[in-house]
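Residues per chain, in single letters:
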Amino acid sequence: DRLRSRGLGDVYKRQGKYFGTDGFRGEANVNLTVDHAFKVGRFLGWYYGKDHKAKVVIGKDTRRSSYMFEYALVAGLTASGADVYLLHVTTTPSVSYVARTEDFDCGIMISASHNPFYDNGIKVINSMGHKLEAEVEEQIEAYIDGELEELPLAEKEKIGRTVDHAAGRNRYIGHLISLATRSFKDKRVGLDCSNGSASAIAKSVYDALGAKTYVINNEPDGTNINTNCGSTHIEVLQQLSLIH
């Protein structure tokens, strides 16, 4: 059938109805809604919890809508019986790292990368730290569209719980620091955090390595992510280098 016929390479190039090459993206409350997020959570909690208590880790960026999508995903996941661990504001690679190294069934990153603040996205990462398999994404889409039977709800002690897991993010910071092959002492490093996820991580890594760190655009307010900053406005970082 169409699920079994997909090859491994299709995991990375599939363009489905909702899920594309970088997850389920759209404008918040327009073509990506909390109902979508809830159903993604419901399916993943059921899918990974068929024979054990599912464990899912979630991270998010600084967009205003990231919080509502986080809550919707948590509601769906716990309603299906999964335990959910929250990294809070963090980067996509950190979710991948924690999912891979801490025995999670999957990870979810809520972010639309370089898109404007009013967009958002749901990226699902498997237990190996890679993009979710295309056939699973296809099943999620079928569930969203009502093509599958309604999934059972967890009851009594089987309802999932939510756990603060900021420690996972801190462990990822330690991992980044451990990767350095030399000290950054007496080095000057300029960082443009784009008012995004790296605002919570980047400076502490370079400071720990001994660098003199200059940071701009690290005061996110929910609507200023990628606004006149970041990789699409490299001239801002160029100006910083001229000053320091």
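Shown above is the structure to which this text applies.
Here the structure is a predicted model, which is why all the values come from computation and not from measurement.

Some words on helix 5 (residues 166–179)
Consideration 1: Look at helix 5: 21 Å from first C-alpha to last across 14 residues, which is about the 20 Å you get at 1.5 Å a residue.
Consideration 2: Turning to helix 5, its buried residues are Gly 168, Arg 169, Tyr 172 and Ile 173. For helix 5, the arc enclosing every buried residue in end-on projection is 150 degrees, short of the 170-degree limit, so these residues lie on one face. In this structure, helix 5 carries Ala 167 and Ser 178 as exposed residues pointing more than 90 degrees from its buried face.
Consideration 3: Those residues of helix 5 hidden inside the fold are in contact with strand 4 (83–89), helix 3 (92–101) and helix 6 (202–208).

A word on the pattern of salt bridges
Consideration 1: Tallied over the full model, the rule gives ten salt bridges.
Consideration 2: The closest approach of N and O atoms between Asp 207 and Lys 203, which form a salt bridge, is 2.6 Å. On the criterion of helical spacing, the pair formed by Asp 207 and Lys 203 is a turn pair, its members being four residues apart in helix 6.
Consideration 3: Three or more residues are tied together by salt bridges with common partners; here these are Asp 22, Arg 25 and Lys 123.

Notes on the packing of aromatic side chains
Consideration 1: Per the counting criterion, the structure on display carries ten aromatic pairs.
Consideration 2: In this arrangement the basic side chain of Lys 55 is found over the ring face of Tyr 85, its NZ or CZ atom lying 5.3 Å from the centre.
Consideration 3: The ring of Phe 104 has Lys 55 lying over it, and the distance from NZ or CZ to the ring centre is 4.5 Å.

Considering empty space enclosed by the protein
Consideration 1: Scanning the entire structure with this criterion turns up one cavity of 30 Å³ or more.
Consideration 2: In this structure, the largest cavity occupies an estimated 30 Å³ of space.
Consideration 3: Considering the residues around the largest cavity, the lining is formed by Asp 22, Arg 25, Thr 92, Met 109, Ser 111, Ser 113 and Lys 123.
Consideration 4: Classifying every residue of the lining of the largest cavity by side-chain character gives one nonpolar, three polar and three charged.

Scoring rules and cut-offs
- Residues numbered from 1 in each chain as written.
- Predicted model: local features only at pLDDT ≥ 70, side-chain atom pairs only at ≥ 80, totals over all residues.
- Heavy atoms only, no water.
- Helix = DSSP H or I, 4+ residues; strand = E, 2+ residues; numbered from the N terminus.
- Expected span 1.5 Å × (residues − 1).
- Buried < 20%, exposed > 50% of the residue type's maximum accessible area, 1.4 Å probe, protein only.
- Arc of directions from axis to C-beta.
- Contact = heavy atoms within 4.5 Å.
- Salt bridge = Lys/Arg side-chain N within 4 Å of Asp/Glu carboxyl O.
- Phe/Tyr/Trp six-rings, centres within 6.5 Å; stacked < 30°, edge-to-face > 60°.
- Lys NZ or Arg CZ within 6 Å of the ring centre and 35° of its normal.
- 1 Å grid on protein atoms, 1.4 Å probe; cavity = no way out; pocket = protein on both sides within 12 Å on 5 of 7 lines; lining within 4 Å.
- Points joined across faces, edges and corners; volume = space filled by probe spheres on them.
- Nonpolar A, V, L, I, M, F, W, Y, C, P; charged D, E, K, R; others polar.

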